[in-house]
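# Structural description and commentary
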Amino acid sequence: MNDKVIGKLKILADAAKYDVSCSSSGGKRKNENKGLGNAEGMGICHSYTEDGRCVSLLKILLTNFCIYDCAYCVTRKSNDVQRTAFTVQEVVDLTINFYRRNYIEGLFLSSGIFKDADYTMERLVRVAKKLRQEEKFNGYIHLKTIPGASDELIKEAGLYADRLSVNIELPSEKSLQSLAPEKNYSEILLPMGSIKDQLVQAKEESRLFKATPKFAPAGQSTQLIVGATAESDRQILQLSDQLYKVYNLKRVYYSGYVPVSTDSRLSIITEPPIIRENRIYQADWLMRFYGFDVKEILDDANPNLDLDIDPKLGWALRNRYFFPVEINTADYEMILRVPGIGVKSAKKIISARRFAPLHFDHLRQMGVVLKRAKYFITCQTKSLQRQDFDSEQLRRRILFGEGSVRSALLTQQLDLFQRAG
Amino acid sequence: MYFYTYDGSFEGLLTVVFEAYERKAWPTAIEPEQLAQPSMFGETVRVITDEGKANRVWLGLKKRLSVSALESLYYTYLWEQSGFERLIFDYTRLVFDSPESVEGNYTAPFILQVQQIQKQVHREKHRMEAFVRFQKTADGLYYASISPDFNVLPLIVRHFEKRYADQRWAIYDTSRRYGVYYDLRATSFVQLENPGVTPRQQSKLNADQYDENETHYQMLWQVYFDHVNIPERKNPKLHLRHIPKRYWKYLSEKQPRLQ
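Residues numbered from 1 in each chain as written. Chains lettered and ligands numbered in written order. Predicted model: local features only at pLDDT ≥ 70, side-chain atom pairs only at ≥ 80, totals over all residues.

## Brief notes about the sheet that holds strand S8 (residues 187-190) of chain B
All names here are of chain B. Using the following cut-off: In short, DSSP must find at least two bridges between two strands for them to pair. A run of DSSP states H or I qualifies as a helix once it reaches four residues; a run of E qualifies as a strand once it reaches two. Both are numbered from the N-terminal end.
If you trace the five strands from one edge of the open sheet to the other, you get S4-S5-S6-S7-S8, paired in mixed fashion. The open sheet is flanked by strand S4 (135-136) and S8, the only strands paired with a single partner. Bridge analysis of strand S6 (residues 169-173) against strand S7 (residues 178-182) gives five bridges, and the strand direction is antiparallel. For Ala170, the partnering residue across the bridge sits in S7 and is Tyr181.

## Details of the domain arrangement of chain A
Threshold: The split of the chain into domains comes from an automatic or database domain assignment.
Taken as a whole, chain A is organised into domain 1 (2-274) and domain 2 (320-405). Taken over C-alpha atoms, the centre of domain 1 of chain A sits 40 Å from the centre of domain 2 of chain A.

## Quick notes on the environment of A:Ile146
All names here are of chain A. Note the threshold: Exposure in this text rests on C-beta crowding, where 20 or more other C-beta atoms within 10 Å of a residue's own make it buried, 12 or fewer make it exposed, and counts in between make it partly exposed. The C-beta atoms are placed from the backbone. Note that contacts rest on C-beta atoms placed from the backbone: two residues are in contact if these are within 7 Å.
Within the fold, Ile146 resides in the loop between strand S7 (140-144) and helix H4 (151-160). Residue Ile146 is classed as buried on the basis of its C-beta count, with 25 C-beta atoms lying within 10 Å. Sequence separation between Ile146 and Tyr375 is 229 residues, and the spatial gap between their C-alpha atoms is 49 Å. Setting aside residues up to four positions removed in sequence, Ile146 forms contacts with Ser111, Ile113, Ala117, Thr120 and Met121.

## Focus: unusual backbone geometry
Glycine aside, residues mostly have negative phi angles, and peptide bonds mostly take the trans form. Residues and elements named next belong to chain A. Along the chain, Phe323 connects to Pro324 via a cis peptide bond; the corresponding omega equals 0°. Considering the arrangement of structural elements, one finds Pro324 in the loop between helix H10 (311-318) and strand S11 (325-326). Non-glycine residue Lys34 carries a positive phi angle of around 50°. Along the chain, Lys34 turns up in the loop between strand S1 (28-29) and strand S2 (39-40). Residue classification places Lys34 among the exposed positions, given that 9 C-beta atoms sit within 10 Å. Of note in this structure, Asn102 is not a glycine but carries a positive phi near 65°. You can see Asn102 is positioned in the loop between helix H2 (88-100) and strand S6 (106-110).

## Quick word on the interface of chain B and chain A
Taken together, the 40 residues of chain B in the interface contact 47 residues of chain A. Among the elements of the structure, helix H5 (109-131), helix H6 (153-163), helix H8 (214-227) and helix H9 (236-242) of chain B are those that each provide at least two residues to the side of chain B that touches chain A. Residue contributions to the side of chain B that touches chain A peak at eight residues, all from H8(B).

## Some points on helix H12 (residues 343-352) of chain A
All names here are of chain A. This is how the line gets drawn: What the arc covers is the set of directions going from the helix axis to the C-beta atoms.
Here H12 has its buried residues at Ala346, Lys348, Ile349 and Ala352. Seen from one end, H12 has its buried residues packed into an arc of 160°, which puts them on one side. Every exposed residue of H12 that faces more than 90 degrees away from the buried side is listed here: Val343 and Lys344. The secondary structure elements touched by the buried residues of H12 are helix H11 (332-336) and helix H13 (360-366).

## A word on the confidence of the model for chain B
In plain terms, the rule: As a per-residue quantity, pLDDT reports the predictor's confidence and falls between 0 and 100.
With 95% of its residues at a pLDDT of at least 70, chain B reaches an overall mean of 92. Under the prediction, the complex receives an ipTM of 0.93, its pTM being 0.91.

## Let's talk about the domain arrangement of chain B
All names here are of chain B. The criterion, for reference: Any residue that is not Ala, Val, Leu, Ile, Met, Phe, Trp, Tyr, Cys, Pro, Asp, Glu, Lys or Arg is counted as polar, Gly included; the first ten are nonpolar and the last four charged.
The domain architecture assigned to chain B consists of domain 1 (2-122), domain 2 (132-211) and domain 3 (213-259). Using only C-alpha atoms to locate each centre, domain 1 and domain 2 end up separated by 30 Å. Taken residue by residue, the interface counts four residues in domain 1 and five residues in domain 2. Across the side of domain 1 that touches domain 2, the residue classes break down as three nonpolar, no polar and one charged.

Dropping the structure here:
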C-alpha cells in the first residue's frame, strides 16, 4: 500500500498547491476530551517551501478527477494529467500521522468534482467526520465547499470543520463566463451566503445556550486569482471589500496566476505576477488592520497599485496635506497611516509617549523604521528633513536615493525577466 | 562594591533582590556561584535561595505589574545571555522605586531591553513549537531533541501537553542536557545523565529502536514538502528568512531524501 499512497500524494499535493490559503489560526477548538490536537489561538507555520510560503496544513485534493473544464485550472477536464483519488481512510491516516509528529496543524481538504457536487461534498464531509468522531482529532480542519452542494451538506461540514471556503477564483462574472463556463457567480455566492447565515445563527444561539454546537469557528475565506484575466487591482479590491463587508469573510486570498495552461482564453503571461500579488496583499491589510477605505487606496485616476512602492506610501504621496504627523500628539489612527510604521510600532509609540516626550533617538531604539517614515513625521516639532520635497522627489529619494536599495522582490522579479529574455 | 552569587535558579535571583533591599547594598554584579570569580575588592555576598523571600519579591512585583510584564521578566531569566541577572535586578528596582507603574515606558532603557528580550525569547519558543519533529519509537514514544538558542523548553511544555494529550512524548534539550517527558498523565522534567555518552549520541536512536512505520511517514512528509512547492515562484531569500539554516537539523524535510 505504501508506494501507492506516495504516488497519490505526489499528484494530489501538486494539484492542491495553487490554493494559497494556509492559515490555521482563529479556531477555538480545545482539546477537552483528552484526544489528539488543539486548534485554539495562534496558527503555526511548521515549515516553509522553497518558494517561501508557509506550510501549516496538509493541503491536498481528495481527487483530481473533475467534470469541469475551467481554463485556469491545472485539474481541468481537458488537461492531460494523471488522475487519482485518495480513499477516506488514506486521508485520515496521513493527517493523524503527520499531526502526531508535529509536521502540521491540520488538514486542508479540497477536491476536483467527480460525478456531481453533492457526491463530492459528501466525501469531504466524511473525512472530517471520521477525524473528529473516530480519531478524537481536535486539530484544524479547513474544508472546501463545492459550488452547488446542498445546504444540508454544508451545514454538516461546518459542524466538523474550523473553516469553510468557497473559491471565487475569477474577479468578475465576465471572466468567469469565458474561463469557467460551467460555473456562475450566483452558484458560488449562494453557499457563501448560506455559510454566513449559519455563522450568524450559531453565534446567536451560543449566546442563549452554552452547549450550541460550534459552526466553523474560524469562519470562511475565499481566493481570487490575480493576473489570469484583465481585471484591474481596483476591481479586485472592491470585490474583496464587498466580501469582507457583506459576507463577513475572515480572509480573501490572492493567488498570482502561475501559467499552468496555454488555453487561448487566458491572458498571456510567462511569469507569475509576484510583485502585484504582494502589493494587493498589502492593500488588503490596509483595509483590514489600518482603517483604510478601498476608495482611499485606488480610484478612477489610479485603477492599479504602484508596483514600485507600497500602497500606504502611495496614499501618503497623494495626500501630503495630512503630513507631517507629530508623533507626540497625533491619534493612533493617524500614526498608523505613516508609511513604514506598522501596528506594533504605533502601539509602542502611544505607550511610551505617556511617560516622556519622544525624540527620534527613542524611535530608533524602539525599532521604528524611519527610512520612509522620516519624511512624514515630526518629533516635538523637529523634523529630520531640512528641506521640503514634492511628492515626485520624495518617491525618487525613497526608491533610489540615499543608498536605498530597491525592494528585494522587485530585484528578484527583474532577475527573472532577464533570465526569461 | 557588592558582588552577589546565587545558585542559578529564578527563585535564587529573586532572593538576591530581597537580600539587596534588606542590606541596602546594591549589587555591582550578580553571578551564579560556580561561575563567580573571587574578587580582591568589595564584598561578596553568597545568597542562599529562600522560597519565602523569593515569594515576597514576586508578590510585590505581582501587585505592580501585569501578567505579561511578569512573564517578560521570567523570559529574561530564560534568555541566559550575559548580564541578564543585572537587568532583572535593575528592572525590578525601577518597578519598586517608582511611585507609578513603569510598564510600557519604552524610553527607559531597562524596560525597552526587557521588552526586546521578551520578543527574542518568544520567537524562539514559537519556532520550537513549529520545528520540533517527533519520531515514533518502537515502544510508542514520540521523541524529539532540540538545542534552542535560549532556554525555552519550560515555555513550550504547556503547548505540547494540550496538543498531544493521548500520546507519550519526550523532548530533550541536548545543549542544556535536560528534557521533558509526558506519560499520558503528567509531564516531568528528566535528566538522561550518562557520563560516557555525548549529548549528540544521547539524542540519536538506533534504527531498530524506531517504529516500523517511522521512515515511511518521514518519506511521505518529504514527498509532500517537495510537491507543495511551486518552482515557478522559487524565492531562496524568503525561504531562508523563515527557516534559517541553524534550524534545519530538526527538520526531516530538510534532510537527504529517503528512498
